[in-house]
Amino acid sequence: QAVTVEVLDRLEQLALVDFRDAEGVERLRKAVRFAAELQEVNTEGVEPMASVLEDRCLYLREDDVTEGNCTNELLKNAREKVEEYFVAPPGNIPLPKLEERETFLKGS
């Protein structure tokens, strides 16, 4: 399958992953080929599982609070906060312009 600029744009926005070089585009192509191979696996008659541990009893511990009331102390670690919440950056990469990505697709 062809990897288009539009596909790269959408994937980068969804996954916050940078595909702006030839290596990134090749990794994406390999992932698409692998996914296509998985589509060929015959799963007819196989019931979907919620967990690979469905046949086992999971032992859960009690959720006992041993410490608490330390919100202000924890928020001292935040670079930025709003009310009583940590503020995280919107993404880990700046997304390149569409024209920049076209050159990587042509060169790979």
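Residues numbered from 1 in each chain as written. Predicted model: local features only at pLDDT ≥ 70, side-chain atom pairs only at ≥ 80, totals over all residues. Heavy atoms only, no water.

A. Fine view of the overall build of the protein chain. In terms of regular secondary structure, the protein chain is built from four helices and two strands. Listed by position from the N terminus, the elements making up the protein chain come as α-α-α-β-β-α. Within the protein chain, contacts between residues at least 6 apart in sequence are counted, and of these 58% link residues at least 24 apart. By element, 52% of the accessible surface of the protein chain is carried by carbon and sulfur atoms, the whole surface being about 9,900 Å². (Helix = DSSP H or I, 4+ residues; strand = E, 2+ residues; numbered from the N terminus. Contact = heavy atoms within 4.5 Å. Areas by Shrake-Rupley, 256 points an atom, 1.4 Å probe, with all protein chains shown as cover.)

B. Local environment of helix α1 (residues 5–15). Residues of α1 that are buried include every one of V5, L8 and E12, and no others. Buried residues of α1, seen end-on, are gathered within an arc of 60° and therefore sit on one face of the element. Turned more than 90 degrees away from the buried face of α1, the exposed residues are E6 and L14. (Buried < 20%, exposed > 50% of the residue type's maximum accessible area, 1.4 Å probe, protein only. Arc of directions from axis to C-beta.)

C. How the structure looks around helix α2 (residues 22–39). Under the 1.5 Å per step criterion, the end-to-end length of α2 is 26 Å for 18 residues, consistent within 8% with the ideal 26 Å. Taken together, the buried positions of α2 are G24, V25, L28 and R29. When α2 is viewed along its axis, its buried side chains cluster within an angular range of 140° and face the same direction. Turned more than 90 degrees off the buried face of α2, the exposed positions are E23, K30 and E37. (Expected span 1.5 Å × (residues − 1).)

D. Expanded view of a nonpolar patch on the surface. Residues M49, V52, L53, L58 and L60 make up a contiguous nonpolar surface patch of about 570 Å² in total accessible area. Considering the arrangement of structural elements, one finds L58 in the loop between α2 and α3 (71–75). (Patch = residues over 30% accessible without salt bridge, like charges linked within 9 Å, V, L, I, M, F, W, Y side chains within 5 Å. Salt bridge = Lys/Arg side-chain N within 4 Å of Asp/Glu carboxyl O.)

E. Local environment of the pattern of salt bridges. Per the counting criterion, the structure on display carries two salt bridges. Two residues, E23 and R27, come together in a salt bridge whose shortest N-O distance is 3.6 Å. In this pair, E23 and R27 both sit in helix α2, four residues apart, roughly one turn of the helix. The exposure class assigned to R27 is partly exposed, which follows from its relative accessible area of 45%. Among the ionic pairs, E26 bridges to R33, the shortest N-O distance being 3.2 Å. Overall, R33 belongs to the partly exposed group, its relative accessible area being 44%.

The analysis is restricted to geometry; functional conclusions fall outside its scope.
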